[in-house]
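Examining the three-dimensional arrangement
This is what each chain is made of:
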Amino acid sequence: MLNRRFFVATGVLGLGAAAFPGVGWAAPGTNKKFVFIIQRGAADGLATLAPTGDPDFLRARGELGEEAAAGTKLDSMFALHPAMTESAKLFALKQASFSHALASGYRERSHFDAQNILESGADRPYGREDGWLGRLLTLLPQDDAKGLAVAPAVPLAMRGPVSANSYAPSRLPDVDPDLMTRLTGLYAEDTQLSALWDGAQATESMAGAPADQTLKGGAALGQMTAGLMQGPNGARVVMLETNGWDTHFQQKGRLNGALSQLDALIGSLRDGLGAEWTNTLVMVATEFGRTVAFNGTGGTDHGTASAAMLFGGALANGGRIKSDWPGLKPSQLYEGRDLKPTMRFELFASEAVAQHYGLDPVKTRAKLFPDFA
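Figured I'd write up the structure that's included with this text. (Residues numbered from 1 in each chain as written. Predicted model: local features only at pLDDT ≥ 70, side-chain atom pairs only at ≥ 80, totals over all residues. Heavy atoms only, no water.)

So, on to the nonpolar core. Phe-98 and Phe-311 are the most contacted members of the largest nonpolar core, which has 53 residues in total. Looking at this core, the element that brings in the most residues is helix 9 (residues 251-273), giving 8 residues. In contact with Phe-98, other than residues within four places in its own chain, are Leu-49, Leu-74, Leu-80, Phe-91, Ala-308, Met-309, Phe-311, Arg-320, Ile-321 and Lys-322. Leu-136, Met-158, Met-239 and Met-283 belong to the second-largest nonpolar core, a separate cluster that totals 34 residues. (Core = buried A, V, L, I, M, F, W, Y, C linked by side-chain atoms within 4.5 Å. Buried < 20%, exposed > 50% of the residue type's maximum accessible area, 1.4 Å probe, protein only. Helix = DSSP H or I, 4+ residues; strand = E, 2+ residues; numbered from the N terminus. Contact = heavy atoms within 4.5 Å.)

Below, the discussion takes up the sheet that holds strand 5 (residues 79-80). Across a sheet, strands are paired by hydrogen bonds formed along the backbone, either parallel or antiparallel in direction. Spatially, 3-5-4 is the arrangement adopted by the 3 strands of the open sheet, whose pairing is antiparallel. Two strands bound the open sheet, and with one partner strand each, they are strand 3 (49-50) and strand 4 (72-73). Pairing between strand 4 and strand 5: 2 bridges, direction antiparallel. Across the sheet, Thr-72 pairs through a bridge with Leu-80, a residue of strand 5. (Pairing = 2+ DSSP bridges.)

Considering all chains together, one arrives at 19 salt bridges under this definition. Of the charged contacts in the structure, one is a salt bridge between Arg-59 and Asp-56, with a shortest N-O distance of 3.2 Å. With its nearest N and O atoms 2.6 Å apart, the salt bridge here joins Asp-338 to Arg-109. A residue pair is termed long-range when its members are at least 10 positions apart, and Asp-338 in the loop between strand 12 (321-322) and strand 13 (343-344) and Arg-109 in the loop between strand 6 (96-103) and helix 4 (111-120) qualify at 229 residues. Overall, the relative accessible area of 0% leaves Asp-338 in the buried class. (Salt bridge = Lys/Arg side-chain N within 4 Å of Asp/Glu carboxyl O.)

Running from amino to carboxyl end, helix 3 (residues 85-92) crosses helix 9 at an angle of 55°, the nearest separation of the two axes being 7 Å. The orientation of helix 3 relative to helix 9 falls into the category oblique. Of the residues in helix 9, those in contact with Thr-85, Glu-86, Ser-87 and Leu-90 of helix 3 are Asp-263, Ile-266, Gly-267 and Arg-270. Across the contact of helix 3 with helix 9, the residue classes break down as 2 nonpolar, 3 polar and 3 charged. (Axes fitted to C-alpha atoms, helices over the stretch in contact; angles between N-to-C directions. Parallel < 35°, antiparallel > 145°, perpendicular 65-115°, else oblique. Nonpolar A, V, L, I, M, F, W, Y, C, P; charged D, E, K, R; others polar.)

This is the structure in C-alpha cells:
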C-alpha cells in the first residue's frame, strides 16, 4: 500500500496488522508510553559508557579508551561517550539512567541467535515464536495495547496474541493523489479493507511531514516516531530498529557516528513528545557487547556483556548507574576476552517495565520472560 511519503504495512499486504480493531485504535487509558530501541549488531558498551575509573580500562583500550574517557563524567567510575550530548543532559536532569555489565543468558556470539533471544525472551535461540513486547501488550488495558514497530515488518519482539502494526518510510516514488482517492472509494465497499485503509491513512497522517524539514537521520526518525505516538489514536508501545553497531574495523569514527544518531533520535523524540515525555519510558539495548581489547583493524569483535539505557521524563531513580562491576583485569574477563556479565537483561527489562506501568514485578517478569531462571 503506497501513499505520498510512507509505506504502511497492514494485513492488505501481509506484512503487519491483520484484520483487527487495533488499526483504528480507541482512546487511551493510562496514556503511558514505552519505546524499545534495539541496537542491532552488538553495540560496544565499554565505549558508550566507559569505565574510566577502572585502572585497567585505558591499559586494555588504548586510543579507543582515551576517546571514551573524554566524554561526560557521570560519576567516579563511568563517563558517557562524547557523542551522547543530549543523553548527558538528560542524565543531569535525572531523566536517564544506565546499566552496565548486562547480557541475556546467551553466550555463543552469533548476531542472529542473540537477537532472536533478545527479542523473544526465550532461554535458547528460536525457542519461542512470540516476543516479550508482544506479551507486554497482553498486560495492558485494551486502550493501551497499541503496538507499532517502525520497521518494514513486525519484528519478533512485538509478535504475540495482540496484533501490532508496522510502519516504515517508502523509497518508492510518490503516488498520484487521484489513485489514492480511487482506492479509498474502492475499499469503502468492503468493511474489512475499509477499516484497514482508514487505519493506514490515519497512521500516515500522524507521522506526517517533519515539522522541521532540516532534520535528518536519527533526529528525523525521532520526530516521526513522536508523531506516531501523539493523540488518542497514537501508538503506546513502539519498537525502533537501529543498525551500524557491528564495529569490527575503524570503530572510532563509525561508533561516533552511530552514537550521534542515537543521541539525536532520543533528543528529537523527547522534543516531539513535549508534555507526553513525562509519560514515556525509552529503553535502549543490544544483543551482546564487544571484546575488551581492540583488534588489528582498530575495531572490536563479538563479546558478551554490554550497557543498556533508560530515558524518560518521569524515570524512577534517574541520574544513576546500576552495575555490579566485574573488573577488566585479564583474570576477571569472561573467557579471557570479554566483559563478564553480572546482570541479566531479562531482570533489567522486566523491572523497568513493571515500575513504569505500576505492575507487580514478579508477575511481570514471569509474563514477559517465562523461560527466565
